[in-house]
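# Observations on chain architecture
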Amino acid sequence: MSSSKFKLGDGSEVRLTKGLHGFRVEDNSATITRDYNGPFGYMKDCYRKFLSELKKDEKLSIIHLGSGLGYDLLWINDLFKNNNRNIENIVGVDFTDYKDLRVSEDKFDYPIEFYNMDADEYLNITNFDKFSDTTVIVFVDLFLKGIKPIDLVYKNEFWKKIADNINPNYIVVNRCSGNDTHDIVKNSIPFQTYDKSSYSLEVYGLEKA
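It should be emphasised that the depicted structure is a prediction, and the values quoted were computed from it without experimental measurement.

### Comments concerning the pattern of salt bridges
One side chain can pair with another of opposite charge once the charged atoms of both are near each other. With the rule as written, the count across this model stands at eleven salt bridges. With a closest N to O distance of 2.8 Å, Arg48 and Asp45 form a salt bridge. One end of the pair, Arg48, and the other, Asp45, are both in helix α1 (residues 41-53), three residues apart, so they sit about a helical turn from each other. Through salt bridges that share partners, Arg175, Asp180, Lys196 and Glu202 make up one connected network.

So, in structure tokens, the structure goes:
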């Protein structure tokens, strides 16, 4: 595919073109990568850090809100598999239906679920209490176009839903060039640790309820 029309989750039509690291929106307002070794190394560094700090027998659940084509999740799958770690399940949620552009589920070694829905809608229907014996990591990566998160990321209700309906141990926020989320999160949910691990990422450590 050299160039093709494509509808984003909000219904707006863009034109995708083949770029160095996969598909991108032609006006450079977004990158839709399917390159396993492509950009966004800071995300990979974050998961390498989790790998080094978590106990070897710790069971994990990983939920990526804004998973795009899902190749970041495939990279995580391989990282933890190659280090003999246990992932109970991986969940990818994205507002845009990428259809056959999305990574195939049969490439994963761990249980994988993809949801084509708004992140807020997903939070309304999910309940992760049944995974109370797992370490749950939520990765918030919610962009539509541009390099700032969508407005939902800066609403108190969003964070309260994450805490109430998922009950995670860690929340990682990719804010790219958007404003810090610290003050919003501080006024929404209790957390024990906060680490601005890179220019783009904020990591919250929570005590499970």
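### Some remarks on unusual backbone geometry
Positive phi values are uncommon outside glycine, yet Lys99 reaches one of about 50 degrees. The topology assignment puts Lys99 in the loop between β6 (86-94) and β7 (112-116). One non-glycine residue, Asn167, lies in positive phi territory at about 60 degrees. Of note, Asn167 is situated in the loop between α4 (156-165) and β9 (170-174). Given the relative accessible area of 10%, Asn167 is considered buried.

### Points about the sheet that holds β7
Here seven strands make up an open sheet; going across it, the order is β7-β6-β5-β8-β9-β11-β10 and the pairing mixed. Lying at the two open borders of the sheet, with one neighbouring strand each, are β7 and β10 (193-195). Neighbour-to-neighbour, the strand axes of this sheet turn through a mean angle of 15 degrees, independent of strand direction. Sheet topology note: the strand β8 (residues 135-140)/β9 ladder contains four bridges and is parallel. Looking across to β9, one finds that Ile137 is bridged to Tyr170. Each of β5 (59-65), β8 and β9 is contacted by α4, which is oriented at about 155 degrees to β8, the strand it contacts most.

### Description of the nonpolar core
With 34 residues, the main nonpolar core has Tyr47, Phe50, Leu73, Phe80, Phe108 and Val172 as its most contacted residues. Going through the elements one at a time, β2 (13-19), α1, β5, α2 (71-82), β6, β7, β8 and β11 (201-205) are the ones with two or more residues in this core. Broken down by element, this core gets its largest block of residues, seven residues, from α2. In this view, Val172 contacts Cys46, Phe50, Ile137, Val138, Phe139, Val140, Leu201, Glu202 and Val203; residues no more than four positions away in its chain are not counted.

### Some details on the pairing of β9
Among the five residues in β9, four count as buried, and that is most of the element. Note that the unit made of β8, α4 and β9 has a crossover that is right-handed. Sheet topology places β9 next to β11; five bridges connect them, and they run antiparallel. In the strand pairing of β11, Asn174 is matched with Leu201.

### Regarding α1
Compared with the 18 Å implied by 1.5 Å per residue over 13 residues, the 18 Å span of α1 between its first and last C-alpha is a close match. The complete set of buried residues in α1 reads Met43, Lys44, Cys46, Tyr47, Phe50 and Leu51. Down the axis of α1, the smallest arc covering the buried residues is 155 degrees, so these residues share one side. Exposed and facing more than 90 degrees away from the buried side of α1 are Ser52 and Glu53. Against the buried residues of α1 lie β5, α2, β8, β9 and β11.

### Things to note about the packing of aromatic side chains
A full pass over the atoms with the stated rule returns ten aromatic pairs. Taking 6.0 Å as the distance between ring centres and 55 degrees as the angle between the ring planes, the aromatic pair formed by Tyr47 and Phe50 counts as tilted. Of this pair, Tyr47 and Phe50 both sit in helix α1, three residues apart, which is roughly one turn of that helix. By way of ring pairs, the aromatic residues Phe158, Trp159, Phe191, Tyr194 and Tyr204 are connected into one cluster. Between Arg175 and the ring centre of Tyr199, over which it is positioned, the NZ or CZ distance is 5.3 Å.

Criteria and thresholds
- Residues numbered from 1 in each chain as written.
- Predicted model: local features only at pLDDT ≥ 70, side-chain atom pairs only at ≥ 80, totals over all residues.
- Heavy atoms only, no water.
- Salt bridge = Lys/Arg side-chain N within 4 Å of Asp/Glu carboxyl O.
- Helix = DSSP H or I, 4+ residues; strand = E, 2+ residues; numbered from the N terminus.
- Buried < 20%, exposed > 50% of the residue type's maximum accessible area, 1.4 Å probe, protein only.
- Pairing = 2+ DSSP bridges.
- Axes fitted to C-alpha atoms, helices over the stretch in contact; angles between N-to-C directions.
- Contact = heavy atoms within 4.5 Å.
- Core = buried A, V, L, I, M, F, W, Y, C linked by side-chain atoms within 4.5 Å.
- Right-handed = clockwise from strand over helix to strand, strands pointing away.
- Expected span 1.5 Å × (residues − 1).
- Arc of directions from axis to C-beta.
- Phe/Tyr/Trp six-rings, centres within 6.5 Å; stacked < 30°, edge-to-face > 60°.
- Lys NZ or Arg CZ within 6 Å of the ring centre and 35° of its normal.

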